[in-house]
Amino acid sequence: MRGNRLKSAVLIAFCWIYHPAASYAEVLAVRNCNWCHGGSASGYPPAPALAAQRPQYVAKQLANFRAHTRDTPFSRQYMWGAARNLDAESVRNLALYFASLPPRAASDGVPSLVGLGQTIYQQGMPEANIVACVVCHGPNGEGIRDIPRLGGLDSTYLRRRLEQWKIGRIRLPKPRS
Amino acid sequence: MCSLNSRQIGRTTRRALLAFPAGRVLINAGSRVGFAAGILAFVLAGAVSAQHRITGSGDVQAKISYCKDCHGVSAQGFNGYYPIPRLAGQQPEYIENQLRAFIEHRRTNNIMFNVAHSLSPAMINALTAHFASLNPPPIGGAPRQLVATGRKIFEDGMPEVNIAACAACHGPEATGSGQIPRLAGQLYPYMLKTLNNWDKERGRNPTVPDAAAIMSPVAHSLNRSQIEAVAAFVSTLRSPRGTPNTVQ
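Calculation criteria
Along each chain, numbering runs from 1 in the same order as the chain's sequence is written. Here the convention is simple: chains get letters from A, ligands get numbers from 1, in the order in which they are written. pLDDT decides what is reported in this predicted model: residues at 70 or higher carry local features, side-chain atom pairs at 80 or more are listed and counted, and totals for whole chains, interfaces and linings draw on all residues regardless. Secondary structure is summarised from DSSP: a helix means a run of H or I of at least four residues, a strand means a run of E of at least two, and numbering begins at the N terminus for each. Note on burial: count the other C-beta atoms lying within 10 Å of the residue's C-beta; 20 or more is buried, 12 or fewer is exposed, in between is partly exposed, and C-beta positions come from the backbone. We call two residues in contact when their backbone-placed C-beta atoms lie within 7 Å. Per-residue confidence from the predictor is reported as pLDDT, which spans 0 to 100. Throughout, the edges of the domains are those of an automatic or database domain assignment. Only Asp, Glu, Lys and Arg are considered charged, only Ala, Val, Leu, Ile, Met, Phe, Trp, Tyr, Cys and Pro nonpolar, and every remaining residue, Gly among them, polar. For helices, the fitted line uses only the C-alpha atoms of the stretch in contact; every axis is such a line through C-alpha atoms, and the angle between N-to-C directions lies from 0 to 180 degrees. Each angle is binned into one of four classes, with values under 35 degrees roughly parallel, values over 145 roughly antiparallel, values of 65 to 115 roughly perpendicular, and all other values oblique. Two helices crossing with the near one rotated counterclockwise from the far one by less than a right angle form a left-handed crossing, whereas a clockwise rotation gives a right-handed crossing. Put simply, a nonpolar core is a cluster of buried Ala, Val, Leu, Ile, Met, Phe, Trp, Tyr and Cys residues tied together by C-beta atoms within 7 Å.

1. Digging into the overall build of chain B
Working step 1: A count of helices and strands for chain B gives 13 helices and 2 strands.
Working step 2: For chain B, the residues scored as buried account for 29% of the 248 residues in total.
Working step 3: Sequence-distant contacts in chain B: of pairs separated by 6 or more residues, those separated by 24 or more amount to 69%.

2. Describing the interface of chain B and chain A
Working step 1: Contact residues are listed per partner, giving 21 residues for chain B and 18 residues for chain A.
Working step 2: Looking at the side of chain B that touches chain A, the elements with two or more residues in it are helix H4 (57–71) and helix H6 (110–117) of chain B.
Working step 3: Residue contributions to the side of chain B that touches chain A peak at 6 residues, all from H4(B).

3. Concerning the environment of Gly150(B)
All names here are of chain B.
Working step 1: Inspection of the secondary structure puts Gly 150 in helix H8 (residues 147–156).
Working step 2: In the structure, Gly 150 is positioned 50 residues away from Lys 200 in sequence and 24 Å away in space, judged by C-alpha atoms.
Working step 3: Apart from the residues within four sequence positions on either side, Gly 150 is in contact with Ala 229, Val 230, Ala 232 and Phe 233.

4. A look at unusual backbone geometry
All names here are of chain A.
Working step 1: The linkage connecting Pro 45 with the following residue, Pro 46, adopts the cis geometry, with an omega of 10 degrees.
Working step 2: The topology assignment puts Pro 46 in the loop between helix H2 (24–37) and helix H3 (55–66).
Working step 3: Phi at Ala 41 is positive, roughly 55 degrees, even though this residue is not glycine.
Working step 4: Note that Ala 41 resides in the loop between H2 and H3.

5. Quick word on the confidence of the model for chain A
Working step 1: Mean pLDDT over chain A works out to 86, with 79% of the residues at or above the 70 mark.
Working step 2: Contacts for the low-pLDDT stretch residues 20–25 of chain A, under 50 throughout, to residues beyond four places or in other chains number 3 contacts.

6. Here we look at the domain arrangement of chain A
Residues and elements named next belong to chain A.
Working step 1: Partitioning chain A into domains gives domain 1 (2–100) and domain 2 (111–166).
Working step 2: Listed by partner, the interface residues are 12 residues for domain 1 and 12 residues for domain 2.
Working step 3: Across the side of domain 1 that touches domain 2, the residue classes tally to 6 nonpolar, 4 polar and 2 charged.

7. Let's talk about the packing of helix H10 (residues 188–196) of chain B against helix H13 (residues 224–235) of chain B
Residues and elements named next belong to chain B.
Working step 1: Following both chains from N to C, one finds H10 and H13 inclined at 140 degrees, their axes separated by 9 Å at the closest point. What the angle tells us is that H10 and H13 run oblique. Considering only the axes of H10 and H13, their crossing is right-handed. Between H10 and H13, the contacting residues are Tyr 188, Met 191, Leu 192, Leu 195 and Asn 196 on the first element and Ile 227, Glu 228, Ala 231, Ala 232, Val 234 and Ser 235 on the second.
Working step 2: Residue classes in the contact of H10 with H13 are distributed as 8 nonpolar, 2 polar and 1 charged.

8. Regarding the nonpolar core
Residues and elements named next belong to chain A.
Working step 1: In this structure, Ala 49, Leu 50, Ala 51, Val 58, Leu 94 and Phe 98 are the most contacted members of the largest nonpolar core, which totals 21 residues.
Working step 2: Listed by contribution, the elements that provide at least two residues to this core are H2, H3, helix H4 (73–84) and helix H5 (88–100).
Working step 3: Here this core gets 5 residues from one element, more than from any other, and that element is H5.

9. Quick look at the environment of Gly138(A)
Working step 1: Among the secondary structure elements, Gly138(A) is positioned in the loop between helix H7 (134–137) and helix H8 (155–166).
Working step 2: Along the chain, Gly138(A) and Tyr121(A) lie 17 residues apart, while their C-alpha atoms are 9.7 Å from each other.
Working step 3: The residues touching Gly138(A), leaving out its near neighbours within four places in the chain, are Gly143(A), Ile144(A) and Tyr81(B).

10. Points about the packing of helix H5 (residues 92–103) of chain B against helix H7 (residues 121–132) of chain B
For any two helices packed against each other, one specifies the inter-axial angle together with the distance between the axes.
Residues and elements named next belong to chain B.
Working step 1: The geometry of H5 relative to H7 is characterised by a closest axis approach of 9 Å and an angle of 135 degrees between their N-to-C directions. Taken together, the axes of H5 and H7 lie oblique to each other. H7 is crossed by H5, and the crossing has right-handed handedness. Residues Pro 92, Ile 95, Glu 96 and Leu 99 of H5 pack against Ile 124, Thr 128, Ala 129, Phe 131 and Ala 132 of H7.
Working step 2: Its residues assigned to classes, the contact of H5 with H7 shows 7 nonpolar, 1 polar and 1 charged.

Quick look at the structure:
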């Protein structure tokens, strides 16, 4: 597969340029992510896209997986193990690497719902006490600091996360500071 | 509101039942048990919403929780994509006036325009009283080295460029009064954004002049670094004596 060989070459080149001390272990770590998150980290359900994700968010989530504070069935099944052996530097490098990849829209939702979704995202539903997503996640879902990028994530992942919040599986849905 | 609540509760109950295989059997159309479960869900939903009608506190609590989804669990403010201001300890009259300002296009903010439309006067009273009673510590995050300069501007003003002391109107402890807002503990980035964009955000409706006109020349006279200094100073202020402010 020429494409894969090219990707590996790019990865090795990137790690070399980004961090001269980055070894093949770094490349291996990225490849381990790609098995589930897709070749360009643009997501492969149930694994969400990591391309262009906020680096602080990725780092924080990896820490949460390691501490088992992000506790969902898929976390237990995949990410607890995947994050177990990452040291602080690997976490930082992975987060910066994924942040540097271009985002790609999954566009896998029901097209007829896009209009309503846009309204809820931008305006919320004040009568039903639902806040507008845009206030924290930004006008294009790009996120900021450790607030995650939502733009381009596949609809099944976002739906699952929102449902997990709803049933209380994810604690601290409210901004603490 | 109440009908919406009962609808939501009905939907939640159905979803909860669907989550379990046994519940799915219950819900199967045509099944007598399913019918009974439906009736039960309906009665339960009705009972809950009837209680809301009597006390009204459920609605207020839900709305407070909604406000805090953005403004922070203790209404201490939150840095989202946009800075979301602290409401804790804020003057009730100020919040009430600002909510009206969104509706009357005196203050531009698409999100809060919609939010303000969903609030009845009774709800606004309940919300403002609640926020005035809160007193969490400031969230911090401002550059410390600016605080001393900020304090000087806040307390003494800059007579040479005709800037009065902020304390003259906002109070020595920056707790505000009436329509003049509390600034103590306000978010640093929110203060920056507000002072740097004063005329783009406030006093926008020439047919309804308001107190925003008082701040307009002040915001213009302050340069960027002076704004940063004042913002840094007020963002560090805690309420004196452990009470948010005097509510008149």
